[in-house]
Amino acid sequence: MPKQFTKYHSNMAKGLAILFLLFYHLFESAELLVSLEVNHAPFSQESFLRFSGFGNICVSVFVFLTAFGIASGLFGESLPEALFWKTAYSQAAKRFFRLMLHFAILYLSVNLLWGTRFDYKSLYGPGIQGILLMVTDGLGLSMFFGTPTLNATWWYMEIAYLLIFLIPVLVQLTRKLGCLVLLPGFFLPYALTIHPDLERYLFVAFFGVCAAREGWPQKLLNLKFHPALQWLAGIGGLALCVLVRQNFMVHEYYLHLLDAPIALFMLYLGAGLLGSVPVLGKALAFVGRHSMNIYMVHTFFYMILWRQYIYHFRYAGITFLLLLAVSLLYSVILEALKKVTGLQRRLSR
């Protein structure tokens, strides 16, 4: 029986993606390596930075999986067009408010834990103005309004919200055009003035919707090649992706196009290859279930509040594992508190 690409596989891919992101943020520049005396042996600084730079593929993987997941559900419903829009946007509204509430809870937890460390008056301003700006930030809307934010990494909430309401439109376009929809997906950012973040990831979203229609992740999971050949292709493919994507010219001009097929490859690498190793697959899926919380909170540990502790041991491997451990622990505790208080059950409705 052919394998299906399930939520478990999606979590494995998310787990791999967030590991790449942590590595990227920890070691993204030569200046950072030198100033914090990071020991990256046995790799040269050039090869180490090339690999760490590849880590920002994480966002494209998240965008791809969001588009793929929402589109898969919508493609599975046979509805007349008028009813489709009502159903799609009813689901989108629920998804939007659920995501907003999850983020608001994380925001509240951060402020309850570290509130004494933040200068709210300098960040948000005094009085009613400060409260309004704080609420805007706490709902993940600061990027929409250009208002101050406690954590620059939270810019991703904007693209996450936009995708929720954009994917139904892309699904209908794909129903009418098939994968030819990738052509307008390619040209649209050049024809219209759109938000830079949306422009950067729009083609990846189009690609994710096409992947849902054509079942590309399922097809990759069901490749009939010998496992040894698949592992060779996976390792070689990753090396090739890093070399090509981190080339200066490619990175400067073609990244928004190249990230789409690379995101699909990362799904195969995480869910198809690494996920085929039982213990490793379960570990990746576990990290993937917590990937959103890790994404939203890790900056406080490695940059804003605990920088000296995270980089204390100097060795890149230890630094990476330490950031992963504290970010994951934070998420596990937060999700446990949601479960104990009943919030998890209410949010999953």
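Everything below is about the structure printed above this text.
Residues numbered from 1 in each chain as written. Predicted model: local features only at pLDDT ≥ 70, side-chain atom pairs only at ≥ 80, totals over all residues. Heavy atoms only, no water.

1. A few points about the packing of helix α11 (residues 196-214) against helix α15 (residues 255-273)
It is at 8 Å that the axes of α11 and α15 come closest, and there the two elements cross at 35°. The hand of the α11/α15 crossing is right-handed. Counted together, Arg200, Phe203, Val204 and Phe207 of α11 and Leu255, His256, Leu257, Asp259, Ala260, Pro261 and Leu264 of α15 form the full contact between these two elements. (Axes fitted to C-alpha atoms, helices over the stretch in contact; angles between N-to-C directions. Helix = DSSP H or I, 4+ residues; strand = E, 2+ residues; numbered from the N terminus. Left-handed = near helix turned anticlockwise from the far one by under 90°. Contact = heavy atoms within 4.5 Å.)

2. A word on the pattern of salt bridges
In total, this model carries 7 salt bridges according to the counting rule given. Across the pair Glu46 and Arg50 runs a salt bridge whose closest N-O atoms are separated by 3.4 Å. Of the two residues, Glu46 and Arg50 both sit in helix α3 (residues 45-54), 4 residues apart, roughly one turn of that helix. With a relative accessible area of 33%, Arg50 lands in the partly exposed category. Close ionic contact of Lys176 with Glu81 constitutes a salt bridge, the shortest N to O distance being 3.7 Å. On the criterion of sequence distance, the pair formed by Lys176 in helix α9 (residues 156-177) and Glu81 in helix α5 (residues 81-114) is long-range, its members being 95 residues apart. Judged by relative accessible area, Lys176 falls into the exposed class, the value being 59%. Through salt bridges with shared partners, a single ionic network connects Arg200, Arg245 and Asp259. (Salt bridge = Lys/Arg side-chain N within 4 Å of Asp/Glu carboxyl O. Buried < 20%, exposed > 50% of the residue type's maximum accessible area, 1.4 Å probe, protein only.)

3. Looking at the side chain of Glu335
With respect to the helices and strands, the residue Glu335 is situated in helix α19 (residues 316-341). For Glu335, a relative accessible area of 17% corresponds to the buried category. Separated by 2.7 Å, the side chains of Glu335 and Asn293 make a polar contact. Setting aside residues no more than four positions away along its own chain, Glu335 makes contact with His290, Asn293 and Gln344. (Polar contact = N/O pair within 3.5 Å; in protein donor to acceptor, adjacent residues only side chain to side chain.)

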